[in-house]
Amino acid sequence: MNAAAPLLDIRNLSKAFGGVHAIEGLAMQVQRGAVHSVIGPNGAGKTSLINMLSGVYRPDTGSIRLAGRELFGEPVHAFAAAGIGRTFQNLQVFFNMTALENVMTGRHLRDRCSLFAALLHTPALVRAETACRDAARALLRQVGLAGYEDVPSASMPYGALKRLEIARALGAQPLLLLLDEPAAGLNATEAREIDALIRRLAAEGTTVVLVEHNMRLVMEVSDHIFVLDHGRKLAEGTPAEVAADARVIEAYLGTGSGHEQEATPGAAYA
Amino acid sequence: MAHATVTVSDSPVAVRHWAARPRVGGTLVLAAVVALAPLLMRNNYAYDVATQVALNAIVCVGLNLLIGYAGQISLGHAGFFALGGYGSAILATRYGVPVWVSLPLACALVGGLAFVIGRPTLRLKGHTLAMATLGLGIIISIVLSTEDRWTGGPDGMAVPPLVLFGWIVKGERIWYWLAGGALLLAVWLALNLIESPTGRALRALHGSEVASETLGIRSARYKLQVFVLSAVFAAVAGALTAHYAGFITPAKASFMHSVELVIMVVFGGMASIFGAVVGAAVLTVLPQLLTVLQDYEMMVFGAVLVGTMVFFPQGIVPTLARWWARRWS
Amino acid sequence: MSGAWLQFIASGLTAGAIYALVALGFSIIYNASTAINFAQGEFVMIGGMSAATLWASGVPLALALPAAIGAAVLVALIVEKVAIEPARHSGTVTLIIITIGVSLFLRGLAQVVWGKGVHRLPAFTSEAPISFMGATILPQSLWVLVGAAVAVAALSAFYGRTLMGKAMLATSYNRLAAQLVGINTRGVLFASFGLAAALGALGGVLIAPIAFTSYDAGIMLGLKGFAAAMLGGLGSFPGAVIGGIVLGLLEGLGAGFVSSAYKDAIAFVVILAVLFLMPGGILGARNSDRV
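Residues numbered from 1 in each chain as written. Chains lettered and ligands numbered in written order. Predicted model: local features only at pLDDT ≥ 70, side-chain atom pairs only at ≥ 80, totals over all residues.

**Student:** Whenever I open this one, the interface of chain B and chain A confuses me. Can you help?
**Tutor:** Size of an interface, as often reported, equals the accessible area lost when the parts are brought together. Of the residues lining the interface, 36 residues belong to chain B; the matching set on chain A comes to 38 residues. Among the elements of the structure, helix H8 (172–194), helix H9 (197–207) and helix H10 (209–214) of chain B are those that each provide at least two residues to the side of chain B that touches chain A. Top element by residues in the side of chain B that touches chain A is H9 of chain B. It accounts for nine residues. A per-class count over the side of chain B that touches chain A returns 18 nonpolar, 14 polar and four charged. (Contact = placed C-beta atoms within 7 Å. Helix = DSSP H or I, 4+ residues; strand = E, 2+ residues; numbered from the N terminus. Nonpolar A, V, L, I, M, F, W, Y, C, P; charged D, E, K, R; others polar.)

This is how it looks when you write it as structure tokens:
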């Protein structure tokens, strides 16, 4: 499985904001069908990385290849069209729509139509809309939001909204799904549901890149972990490898402390 | 499992589910209103007002798509309205084009103009977009007022009547049916658009432009589409108005007129097609009813605008729809 | 030919000085709230019209002028409390629409109170034109330039030397930080409206003797003042002044040498050019866009 070409291949990625080097000379590979987590202390550059991988930020230098296709310099919608979907750390749900409509919008790349067809509601469009609605319902069921179809998203609870964003991102059937802190702000039960959801997605073949602070989730769900610190790679490997890595322990704690065992990222779960 | 719900201050919750679904139902109600309203009309004056309502409503439906659904703004839409009217009039009088051709042709040309100016303009957002559209509208009105060889100058020009299949369309009653029919067509097209992938793309743009881009929605393309569409709606209404009145003046392109149109949309309801119709109806009829208030008209309009935006930022129809929905839930 | 040049430059500078005052008003309110106050032109009109009415009923100019400015400031403060503050958390489009509504209301009110007629103020000193190097210059023009210059200097002193002024400046740089150090940002917005109205009304009384005033005099002045503010960079005070002067000169020279019929269009072409080509304006707007 490791011999195959990676789905996502990042080389020499850099981005600076004024004097702040958010990401510097980063190289990272993500294998197809894997759950690949990116962790690191606050300010390490994780969200900047996600923004660059979805096209929201333009890197200063570097190469981002998805399934062999170079995406550097492309506009955001081109990243989406290439097969990258994402959720947002600070929810970007369409609050002016119901849950079902949010997910139906997620299917835009599959479903878009010409202005004429939209104005006239051609029979082809009507058929496509029915199919879209059914597919969106299925996605809501898949993330456990079956009862929320016609609920205005502005009235939905926070935990449900996190899952709604995932369902919406899945609408485009992305090759690569970027999840930016999907468990942030959730309690233990909800976090476990997200955990189970990610595992189901991985089992079905979706490649997932996960940025997360919730270490239990990260350790349980990841095939591969990439540790960022100050915009550079600190370490990478399987959860066990990373948990035992001295540099990782040091970055999270500082040097020489007797409390290493409790607070290290993976210690309790390795 | 319930946690703090997320509230949103700016993006209006589209409660159009009550007002606009089912699509067919709402249009039928409107059709019934159009068909039955004449029972209440005792004289030609009433038909005249009703025709004006219908024609204003056509502009408002288009403008609502732009402002309410797509979340953009235009303070210059009267420019498109006037260009539709002047375009058709000039083609008919100077070039002898029969009106049943000059009308759609003028509207298509206005659509083309909107396409060309829309591209750079829609890259702007918020107040810069408002100013750009305002500037364009005023430039159009100044040009119409100044190029008097073509347009008759500040006093305007006469417009030949609409001739369909050799028959001159004149008179308030006939025009009422024509305008009503045109309005129903406009509403039907707009409702179709909303319940389509394109409609969702527009609403997504309004909801979160960055998220919609990450779903593959090319925001520039859809903003331009709805801008051109709303410009064409305005041009059609403008051309029909010109041929109805037999006359057109540069005042039709004025900033005041653009503002009146925005007031109608905002008052009636953002993101609500029927709201746009109601807004047009109320704000066209009211000044006629309250001729006593003639002198105070501007003040009243201003107060309505401020009051609506402060107290019911979603507009009348969606607010009423929400109260209604809550009563029955 | 040079006489004509000077003439156009003189009239351009005069108009430009007024635009600068209006533009400063726009920038002040923009800095306090990132909202564009479409009612700014109406403050200009209220200044001119109030002064004209007061003078017509016998009040000496020396009293009428400050009273008129005070009236405009009072109206602005009321407007801020009633229409702007309740909606201060709304989005840009909502606030724009609200200020348009306010401007409509004020204009309608002016129409009811003062009628549709044209009013005038006498020139402050003399009506006799001065002949200078082939051009004819009105003494009132000099009053306009001097008045505007004094206002700008006073504004600089206010921002640079007084606590209130520094608080307002701080709010414009970073609202949240200003709140955190204890600045009452709502109060800043309130004061900004008053200040913007004072500047606008000053412009109104200065120009009223030259260009008669009426209930709808505010529209064009407001829009052109906004064009000037955008030209110089919205939010920048030196930019507002430079923008005003440049716009006035462009208008004066354009009307003189190109086409006087399209004089009014110049400002709007300028707006479009700035928005399309250099949205930051000449000096670059104060923008805080978080990615």
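**Student:** Quick question: what am I supposed to make of the interface of chain B and chain C here?
**Tutor:** With 33 residues of chain B at the contact, the number on the chain C side is 37 residues. Every element with two or more residues in the side of chain B that touches chain C is listed here: helix H6 (126–146), helix H12 (255–268) and helix H14 (297–311) of chain B. Per-element accounting of the side of chain B that touches chain C gives the leading share, twelve residues, to H6 of chain B. Class assignment of the residues belonging to the side of chain B that touches chain C gives a composition of 24 nonpolar, seven polar and two charged.

**Student:** Quick question: what am I supposed to make of the sheet that holds strand E10 (residues 232–237) of chain A here?
**Tutor:** Two strands in a sheet stick together by hydrogen bonds in their backbones, pointing the same way (parallel) or opposite ways (antiparallel). Residue and element names in this part refer to chain A. Taking strand neighbours across the sheet as the criterion, the six strands line up as E6-E7-E8-E3-E9-E10 in an open arrangement whose pairing is mixed. Each edge of the sheet is formed by a strand with only one pairing partner; in this case those strands are strand E6 (84–86) and E10. Each adjacent strand pair in this sheet contributes to an overall mean axis angle of 20 degrees, direction not counted. Along the sheet, helix H1 (residues 46–53) makes contact with strand E3 (35–39), E6, strand E7 (176–180), strand E8 (207–211) and strand E9 (224–229), crossing E7 at roughly 150 degrees. (Pairing = 2+ DSSP bridges. Axes fitted to C-alpha atoms, helices over the stretch in contact; angles between N-to-C directions.)

**Student:** How should I be thinking about the sheet that holds strand E1 (residues 8–17) of chain A in this particular structure?
**Tutor:** Residue and element names in this part refer to chain A. Within the open sheet, the four strands sit side by side as E2-E1-E4-E5. Their pairing is antiparallel. Each edge of the sheet is formed by a strand with only one pairing partner; in this case those strands are strand E2 (20–30) and strand E5 (69–70). Across two bridges, strand E4 (residues 61–66) lies against E5 in antiparallel orientation. In the strand pairing of E5, Leu66 is matched with Arg69.

**Student:** What's the story with the confidence of the model for chain A in this structure? I'm lost.
**Tutor:** For any part of a model where pLDDT is low, the fine detail of the predicted coordinates should not be relied upon. Residues of chain A with pLDDT of at least 70 account for 92%, and the chain-wide mean is 87. The low-confidence segment residues 256–264 of chain A, where pLDDT is below 50, has ten contacts with residues more than four positions distant or belonging to other chains. (pLDDT = per-residue confidence, 0-100.)

**Student:** Just to check I follow, could you spell out the packing of helix H1 (residues 2–33) of chain C against helix H5 (residues 139–161) of chain C for this structure?
**Tutor:** Each pair of packed helices can be described by the angle between their axes along with the distance between the axes. All names here are of chain C. Between H1 and H5, the shortest axis-to-axis distance is 9 Å and the interhelical angle comes to 30 degrees. Comparing their axes, H5 and H1 come out roughly parallel. In this structure, the crossing between H1 and H5 has a hand that is left-handed. Here Ala10, Leu13, Thr14, Ala17, Ile18, Ala20, Leu21 and Leu24 of H1 lie close against H5, whose contacting residues are Ser141, Val144, Leu145, Ala148, Ala151 and Leu155. For the contact of H1 with H5, the per-class residue count stands at twelve nonpolar, two polar and no charged. (Parallel < 35°, antiparallel > 145°, perpendicular 65-115°, else oblique. Left-handed = near helix turned anticlockwise from the far one by under 90°.)

**Student:** I tried to follow the packing of helix H2 (residues 40–56) of chain C against helix H9 (residues 217–232) of chain C on my own but got confused; where do I start?
**Tutor:** Residues and elements named next belong to chain C. The contact between H2 and H9 brings their axes to 7 Å, and the two run at 130 degrees. Here H2 is positioned oblique relative to H9, judged by the angle of their axes. Read as a crossing pair, H2 and H9 show a hand that is right-handed. Counted together, Gln40, Gly41, Glu42, Val44, Met45 and Gly48 of H2 and Ala217, Gly218, Ile219, Leu221, Gly222, Leu223 and Gly225 of H9 form the full contact between these two elements. Considering only residue class, the contact of H2 with H9 consists of six nonpolar, six polar and one charged.

**Student:** Explanation requested: the confidence of the model for chain C in the structure shown.
**Tutor:** Residues and elements named next belong to chain C. Considering every residue of chain C, the mean pLDDT works out to 86; 95% of them sit at 70 or more. Confidence, expressed as mean pLDDT per element, reaches its minimum in chain C at strand E1 (residues 130–132) with 80 and its maximum at H2 with 92. Taken together, the stretch residues 286–291 has pLDDT below 50 and engages in five contacts with residues farther than four places along the chain or on a different chain. Predicted complex metrics record ipTM = 0.87 and pTM = 0.87.

**Student:** Sorry if this is basic, but what is going on with the pairing of E1 of chain A here?
**Tutor:** Strand residues, when the strand is regular, have side chains that alternate between the two faces of the sheet. Residues and elements named next belong to chain A. Of the strand pairs in this sheet, E1 and E2 are connected by seven bridges, and their pairing is antiparallel. Along E2, the bridge assignment pairs Phe17 with Val20. Judged from the five bridges that link them, E1 and E4 form a sheet pairing that is antiparallel. Bridging across to E4, Arg11 finds its partner in Ser63.

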